[in-house]
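Residues per chain, in single letters:
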Amino acid sequence: MEQKDNRPILLTGMGGVLGEGLSRGGLLAALQDAPIVLAGRTRPAAWSGSPWVECDLRDATRWARLLEQVQPRAVLYAAALARIDDCEASPELALRVQHEAVQQLGAWSQQEGARLIYVSTDQVFDGLLHGYDESQPVRPLHHYGRSKVLGEQSALASGGAVVRLPLLLGPRVSERQVGADTAAVEAALAGRSLQLFVDEFRAPADPAHFVDAFARLLQGAEVGVFHLAGADWVSRWELADLACGAAGVAHEHRRSSLKDWQGDPRPPHLALSCARAVRELGFQPPDLRQSLARLSEAH
Ligand SMILES: NC(=O)c1ccc[n+]([C@@H]2O[C@H](COP(=O)([O-])OP(=O)(O)OC[C@H]3O[C@@H](n4cnc5c(N)ncnc54)[C@H](OP(=O)(O)O)[C@@H]3O)[C@@H](O)[C@H]2O)c1
């Protein structure tokens, strides 16, 4: 008879919009009550009932000790410096969290026979094509994307899986952590008019829809790259318009164009083809309007 593996599943980076969505979507239940442990600098509010250990991933010694203590059978590595401007301001910190801690984890996982699932982003692409499948070469335009590519490479080299996600939807989690839909609705409610690109396209999704795919990956044996994204491709302005419409809030968000953008380069079109996840994980890209309606009901 096959022996049950009672080692826990370790989750990092659950304190933001992704972690809130995975909790709300029922990741615990999808993992069929497998033991889990969360690690991070602060206990994520959305996971208050789950075991949590303090760990700042900048501290390599602490991270190594934590892995030895917890002895996870699988690790969902979602911790990141996930804002593009923060990564430009602190490139070394981004490299430590996005890449070096993953290198360390990869070596440990290989040695101990643990699964590694690395959460990445559509921002590893330059956005010049109108659709990216899992095999397309990456070409990041900024430090956030470059640090994620290095993290992906470390995860893949150690026999792990990489999951690239799109722009995320969801409620506000903290002052700086908020879903793209909620940010637009809150601004409208406060009478603030945002300037939003009409020619920058994304396939946004509520991470609650990713629960089954992540549960499957954490408990399965799949390796390589997977894309999870929404079914609809919309501009930043359209997303705000749809989110405000779903919430029944009038807005005066203004249309702007990437052609007039003076800041750091931004990928214009990020549409992830999720064909592999559909085929191998049973993932169904969620409909944007339905997701927005459900999220606005929940708020
Ligand atoms: N938000 C999006 O639209 C989006 C899109 C595509 C991909 N992603 C990816 O999805 C993942 C989660 O994103 P998110 O937006 O939900 O995250 P977020 O709000 O930026 O939160 C980052 C998470 O990483 C943890 N973290 C950061 N530095 C850490 C450190 N030094 N030590 C320990 N933990 C640390 C934070 O924990 P503490 O609070 O404990 O510091 C927090 O839980 C990231 O890998 C991101 O790249 C996000």
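Residues numbered from 1 in each chain as written. Predicted model: local features only at pLDDT ≥ 70, side-chain atom pairs only at ≥ 80, totals over all residues. Heavy atoms only, no water.

1. Observations regarding the site of the ligand
- Taken together, the neighbourhood of the ligand is formed by 28 residues, with Arg41, Ala78, Tyr144, Lys148 and Gln177 sitting nearest.
- Between the ligand and the protein, one listed contact pairs an oxygen atom with a backbone N or O atom of Val17 at 3.0 Å.
- Within the contact set of the ligand, an oxygen atom lies 3.0 Å away from a backbone nitrogen or oxygen of Leu168.
- Coverage of the ligand by the protein amounts to 89% of the 880 Å² it exposes when considered alone.
- When residues of the shell around the ligand are traced back to their parent elements, those giving at least two are α1 (17-24), β5 (115-121) and α6 (143-157).
- The greatest single-element share of the shell around the ligand, amounting to 3 residues, is contributed by β5.
- For the shell around the ligand, the residue count by class is 16 nonpolar, 8 polar and 4 charged. (Near = heavy atom within 4 Å. Polar contact = N/O pair within 3.5 Å; in protein donor to acceptor, adjacent residues only side chain to side chain. Areas by Shrake-Rupley, 256 points an atom, 1.4 Å probe, with all protein chains shown as cover. Helix = DSSP H or I, 4+ residues; strand = E, 2+ residues; numbered from the N terminus. Nonpolar A, V, L, I, M, F, W, Y, C, P; charged D, E, K, R; others polar.)

2. Things to note about the pairing of β5
- Counting buried positions along β5 gives 7 out of 7 residues, so the element sits mostly inside the fold.
- As paired elements, strand β4 (residues 74-77) and β5 share 4 bridges and run parallel to each other. Considered in β5, the bridge of Tyr77 is made with Tyr118.
- Relative to strand β6 (residues 161-165), β5 runs parallel, the two sharing 5 bridges. Bridging from a neighbouring strand, Ile117 pairs with Ala161 of β6.
- Handedness of the β-α-β unit built from β5, α6 and β6 comes out right-handed. (Buried < 20%, exposed > 50% of the residue type's maximum accessible area, 1.4 Å probe, protein only. Pairing = 2+ DSSP bridges. Right-handed = clockwise from strand over helix to strand, strands pointing away.)

3. Quick word on the environment of Leu93
- Its place among the elements puts Leu93 in helix α5 (residues 91-112).
- Taking relative accessible area as the criterion, Leu93 reaches 25% and is therefore assigned partly exposed.
- Between the C-alpha atoms of Leu93 and Leu81, which are 12 residues apart in sequence, the distance is 7.7 Å.
- Setting aside anything within four residues of it in sequence, one finds Leu93 in contact with Arg58 and Leu81. (Contact = heavy atoms within 4.5 Å.)

4. Side note on the sheet that holds strand β8 (residues 201-202)
- The 3 strands lie next to each other as β10-β8-β12, forming an open sheet whose pairing is mixed. Unpaired on one side and paired on the other, β10 (234-235) and β12 (269-270) mark the two borders of the sheet.
- Judged from the 2 bridges that link them, β8 and β12 form a sheet pairing that is parallel. Bridge assignment links Phe201 to a residue of β12, and that residue is His269.

5. Brief notes about the pattern of salt bridges
- This model, assessed by the stated rule, comprises 15 salt bridges.
- For Asp56, the salt bridge is made with Arg58, and the minimal N-O distance between the two is 2.5 Å.
- Classification of Asp56 as buried rests on a relative accessible area of 18%.
- Note on Arg58: relative accessible area 44%, which makes it partly exposed.
- Close ionic contact of Arg279 with Glu280 constitutes a salt bridge, the shortest N to O distance being 3.8 Å.
- For Arg279, a relative accessible area of 61% puts it in the exposed group.
- Using a relative accessible area of 26% as the deciding quantity, one classes Glu280 as partly exposed.
- One network of salt bridges, in which partners are shared, links Glu200, Arg202, Arg236 and Arg266. (Salt bridge = Lys/Arg side-chain N within 4 Å of Asp/Glu carboxyl O.)

So, to be careful, I would describe these as geometric facts and stop short of saying anything about function.
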